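Coordinate inspection notes
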Amino acid sequence: MVVLHIVIAIWVIVASIRWGDWKRWEQYYPTMLYIISAGLVYEFFAQTQFHLWKMNGEWLLNHSIATLLHIFIINPLATFIFLSNYPDPLPKQLFHITKWVIIFLIVEWAGLHFDYITHSNGWSLGWSALFLFKMFPILRLHFTHKLWAITLSVFCVLFYLFIFDYM
């Protein structure tokens, strides 16, 4: 169970070195912190109620370590790469977002297939697709208009809390 999480972490580190805009990394840093915060908020609600998805692990890389790997390394570096290569014209932006959604869905499918990730309480790949099609534009919005993104995020969190009976 260790392999997929470690492979993803190594890949995203190498990819960030190759495709990340390291000359301007400080501009991306607030949005990287934003995605870290979002992951921690999800884990807070998941631990107090129930998980919708959960990283599976074993003694060397248990659930907590796998989750922290995603929260503090994989997601922020993926965000950094996503933002570093964000195109200008709208059609290219839509393609860029769709490409990233597909990448994340393929990785999630592989995680489900090999039991690295578990869905529960009504979560599915369809819900993940919907979430990702919101997440990537909100990451870009956070990069350009932080307050708007945070406000929109509150409504998104409330939506998921309501839909999945957290409240």
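Conventions adopted
- Residues numbered from 1 in each chain as written.
- Predicted model: local features only at pLDDT ≥ 70, side-chain atom pairs only at ≥ 80, totals over all residues.
- Heavy atoms only, no water.
- Phe/Tyr/Trp six-rings, centres within 6.5 Å; stacked < 30°, edge-to-face > 60°.
- Helix = DSSP H or I, 4+ residues; strand = E, 2+ residues; numbered from the N terminus.
- Buried < 20%, exposed > 50% of the residue type's maximum accessible area, 1.4 Å probe, protein only.
- Patch = residues over 30% accessible without salt bridge, like charges linked within 9 Å, V, L, I, M, F, W, Y side chains within 5 Å.
- Areas by Shrake-Rupley, 256 points an atom, 1.4 Å probe, with all protein chains shown as cover.
- Salt bridge = Lys/Arg side-chain N within 4 Å of Asp/Glu carboxyl O.
- Axes fitted to C-alpha atoms, helices over the stretch in contact; angles between N-to-C directions.
- Parallel < 35°, antiparallel > 145°, perpendicular 65-115°, else oblique.
- Left-handed = near helix turned anticlockwise from the far one by under 90°.
- Contact = heavy atoms within 4.5 Å.
- Nonpolar A, V, L, I, M, F, W, Y, C, P; charged D, E, K, R; others polar.
- Core = buried A, V, L, I, M, F, W, Y, C linked by side-chain atoms within 4.5 Å.

**Side note on the packing of aromatic side chains**
Tallying each qualifying case throughout the model produces 25 aromatic pairs. Where Phe104 meets Phe136, the ring centres are 5.1 Å apart and the plane angle is 90°; that geometry is what we call edge-to-face. Highlighted residues: Phe104 in helix H4 (residues 90-113) and Phe136 in helix H5 (residues 125-144), separated in sequence by 32 residues. Overall, Phe136 belongs to the buried group, its relative accessible area being 1%. An aromatic cluster of three or more residues is present, and its members are Tyr42, Trp53, Trp123, Trp127, Phe131, Phe159, Tyr160 and Phe164.

**Some words on a nonpolar patch on the surface**
Taken together, the side chains of Leu130, Ile150, Val154, Phe155, Leu158, Phe159, Phe162, Ile163 and Met167 define a hydrophobic patch exposed on the protein surface, amounting to about 870 Å² of accessible area. With seven residues, the top contributor of residues to the nonpolar patch is helix H6 (residues 146-163). The topology assignment puts Ile150 in helix H6.

**Focus on unusual backbone geometry**
The backbone of Asn121 sits at a positive phi, close to 55°, despite the residue not being glycine. Its place among the elements puts Asn121 in the loop between strand S2 (117-119) and H5. Positive phi is not limited to glycine here, since Asp165 has a value of about 55°. Within the secondary structure layout, Asp165 lies in the segment after H6.

**Quick word on the packing of H5 against H6**
It is at 7 Å that the axes of H5 and H6 come closest, and there the two elements cross at 160°. With respect to each other, H5 and H6 are oriented roughly antiparallel. Read as a crossing pair, H5 and H6 show a hand that is left-handed. Together, Trp127, Leu130, Phe131, Lys134, Ile138, Leu141, His142, Phe143 and Thr144 of H5 and Lys146, Trp148, Ala149, Ile150, Leu152, Ser153, Cys156, Phe159, Tyr160 and Ile163 of H6 make up the contact between the two elements. In the contact of H5 with H6, the residues fall into 14 nonpolar, three polar and two charged.

**Quick look at the nonpolar core**
Among the nonpolar cores identified, the biggest contains 35 residues, and Phe82, Phe136 and Leu139 are the most heavily contacted of them. Among the secondary structure elements, those contributing two or more residues to this core are helix H1 (2-19), helix H2 (25-48), helix H3 (63-84), H4, H5 and H6. One finds Tyr42, Ala46, Trp123 and Tyr160 within the second-largest nonpolar core, a separate group that totals eight residues.

**A look at the pattern of salt bridges**
Enumeration over the complete set of coordinates arrives at one salt bridge. One salt bridge in this structure joins Arg24 and Asp21, with 2.6 Å as the shortest N-O distance. For Arg24, a relative accessible area of 38% translates into the label partly exposed.

**Here we look at the packing of H4 against H5**
Interhelical geometry of H4 versus H5 gives an angle of 145° and a closest axis separation of 9 Å. Relative to H5, H4 is oriented so that their crossing is right-handed. Residues Ile97, Thr98, Trp100, Val101, Phe104, Leu105, Glu108, Trp109 and Leu112 of H4 lie in contact with H5, whose contacting residues are Leu125, Ser128, Ala129, Leu132, Phe133, Met135, Phe136 and Pro137.

**Description of the environment of Trp127**
Within the element layout of this structure, Trp127 appears in helix H5. Measuring from C-alpha to C-alpha, the distance between Trp127 and Ser37 comes to 21 Å, with 90 residues separating the pair along the chain. Discounting chain neighbours no more than four positions away, the residues touching Trp127 are Gly122, Phe159, Tyr160, Ile163 and Phe164.

**Points about the environment of Leu77**
Secondary-structure assignment places Leu77 in helix H3. Through-space distance from the C-alpha of Leu77 to that of Val14 is 9.8 Å; in sequence the pair is 63 residues apart. Setting aside residues no more than four positions away along its own chain, Leu77 makes contact with Val12, Ile13, Ser16, Trp22 and Met32.

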